[in-house]
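Reading the structure
Listed here are the chains, written in short residue letters.
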Amino acid sequence: MAFVPQIKIPATYIRGGTSKGVFFRRQDLPEAAQQPGEARDNILLRVIGSPDPYGQQIDGMGGATSSTSKTVILDKSEQPDHDVDYLFGQVAINKAFVDWSGNCGNLTAAVGAFAISNGLVDADRIPENGICTVRIWQKNIQKTIIAHVPMTNGQVQETGDFELDGVTFPAAEVVIEFMDPADGEGSMFPTGNLVDDLEVPGIGTFKATMINAGIPTIFLNAADIGYTGTELQKDINSDAAALERFETIRAYGAVKMGLISDISEAVARQHTPKVAFVAPATAYVSSSGKQISADDIDVCVRALSMGKLHHAMMGTASVAIATAAAVPGSLVNLAAGGVERDSVTFGHPSGTLRVGAAAEQQTNGDWTATKAVMSRSARVLMEGFVRIPGDCF
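So, a few notes on the structure that sits alongside this text. Since this is a predicted model, take the numbers as computed values, not measurements. (Residues numbered from 1 in each chain as written. Predicted model: local features only at pLDDT ≥ 70, side-chain atom pairs only at ≥ 80, totals over all residues. Heavy atoms only, no water.)

**As for the side chain of Ser343**
How we decide: The numbering of helices and of strands both runs from the N terminus, where a helix is a DSSP run of H or I of at least 4 residues and a strand a run of E of at least 2. Nitrogen and oxygen atoms within 3.5 Å of one another constitute a polar contact, given that in protein one can donate a hydrogen and the other can accept it, and given that sequence-neighbouring residues count only through two side-chain atoms. We call two residues contacting when some pair of their heavy atoms lies within 4.5 Å.
Inspection of the secondary structure puts Ser343 in strand 18 (residues 343–348). At 3.1 Å, the side chain of Ser343 forms a polar contact with the side chain of Arg354. When near neighbours in sequence (up to four residues on either side) are disregarded, Ser343 contacts Arg354, Val355, Gly356 and Ala357.

Quick look at the structure:
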């Protein structure tokens, strides 16, 4: 019996923010996967270990959560005044598809460092010591992101004393600027309203703020759906009926936002939109046992990613939270006290996060976001090659 040998592909396994992913240079992928298509998707699925009916991704690099089932493809940028093109693929765990519909804000923190270390940033732009400004073109959403990466003795600095709730060990701080984070093709609020009545047949009608900034997100009031906004993963992810309700709400919200035309299409678009729920600042104990005081935060937020409550907060959803908080009258703004603000500190299951954002109302009444800023960290965990069977694509 003949056996197909494995092939090896240069790759780097990196933690970025509260996520982990497998990073590739586009030129290092097999030729068939250097362009979008079935071959690329099949390779990334096999690398991560999907689809896995056991839901564990044992036979791949994935970690069986939405935060660890991620892939990144980077290339020298084709855009003027940019250094690197960043393409993100969210790999489904138990289904055979890769969702290319949105960005990963957490892994964005690792893009600049990888680009510097892998020859994707011109040498004359890299300081020996100080901060290297990496201009990223996010291909999924066609937006500019600026990463400020610390350099020490000509090398990317990864260690440091910056602490990020949801990450066990401190590391070097990477400041990320999401430029013009709202969808440039339409209103930041796709329905034209700051608050809508979202009707979900068989479940109910809920007040909802639907925003497209950072990533399309549907915000609900925690109290309206029977929660306090202080829940941890175990409180929701063990409740199959609750998860099904959230997915149904997400599907109807996606239709109302114009992202899909029928709820049946939501199954093939699991990465976007996100569903989140908000509540006024309330004391709670984080998943690590850390006591979070109501005085530490402006608002409580919980968000679901790929059908499960996230263990911390997605970076792109953090942009959506901060942008919505800056718009008076949105559900996030109201839950945060209803005051004008240019930053928000929110509580999530692992702790707290502060994000700055600026939003402006235009003469026609539409809102726009100019920038959102947050601090993350990143660290290379392993580099070398991933191996996959040669007949998988």
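The rest of the description comes next.
**Side note on helix 5 (residues 315–325)**
Basically, it comes down to this: The cut-offs for exposure are 20% and 50% of the maximum accessible area for each residue type, with area from a 1.4 Å probe on protein chains only; residues under the lower value are buried, those over the upper are exposed, and the others partly exposed.
Burial runs high along helix 5: 11 of the 11 residues are buried. Turning to helix 5, its buried residues are Gly315, Thr316, Ala317, Ser318, Val319, Ala320, Ile321, Ala322, Thr323, Ala324 and Ala325.

**Structural notes on the packing of aromatic side chains**
We count it as follows: When the centres of two rings from Phe, Tyr and Trp lie within 6.5 Å, Trp using its six-membered ring, the rings pair. Their planes under 30 degrees apart give stacked, over 60 give edge-to-face, and anything left gives tilted.
According to the stated counting rule, one finds four aromatic pairs in the structure shown. With a centroid separation of 5.9 Å and an interplanar angle of 15°, the aromatic rings of Tyr227 and Phe246 are classed as stacked. Here Tyr227, found in the loop between strand 12 (215–221) and helix 3 (233–237), pairs with Phe246, found in helix 4 (residues 240–256); they are 19 residues apart in sequence, far enough to count as distant. Overall, the relative accessible area of 5% leaves Phe246 in the buried class. These aromatic residues form a ring-pair network of at least three members: Tyr227, Phe246 and Phe277.

**Some points on unusual backbone geometry**
Keep in mind that most residues, glycine aside, have a negative phi and that most peptide bonds are trans. The amide bond that connects Ser50 to the next residue, Pro51, takes the cis arrangement and shows omega of -5°. Relative to the helices and strands, Pro51 is located in the loop between helix 1 (38–48) and strand 3 (70–76). Looking along the chain, the bond that leaves Thr272 and enters Pro273 is cis, with omega of -5°. Position of Pro273 relative to the elements: it lies in the loop between helix 4 and strand 13 (274–280). A positive phi is found at Ala64, a non-glycine position, where the angle reads about 70°. Structurally, Ala64 can be placed in the loop between helix 1 and strand 3. Its identity is not glycine, yet Met306 carries a phi of approximately 50°, on the positive side. Of note, Met306 is situated in the loop between strand 16 (299–305) and strand 17 (308–309). Taking relative accessible area as the criterion, Met306 reaches 17% and is therefore assigned buried.

**What to know about the pattern of salt bridges**
Applied cut-off: Throughout this description, the term salt bridge denotes a Lys or Arg side-chain nitrogen within 4 Å of a carboxyl oxygen of Asp or Glu.
This structure, assessed with the given rule, holds 13 salt bridges. Where Arg46 meets Asp59, a salt bridge forms, and the shortest distance between an N and an O atom there is 3.3 Å. Of this pair, Arg46 sits in helix 1 while Asp59 sits in the loop between helix 1 and strand 3, and the two are 13 residues apart along the sequence. With a shortest N-O distance of 3.0 Å, Arg135 and Asp83 are connected by a salt bridge. On the criterion of sequence distance, the pair formed by Arg135 in strand 6 (residues 130–138) and Asp83 in the loop between strand 3 and strand 4 (84–91) is long-range, its members being 52 residues apart. Relative accessible area serves as the criterion here: at 22%, Arg135 is assigned to the partly exposed category.

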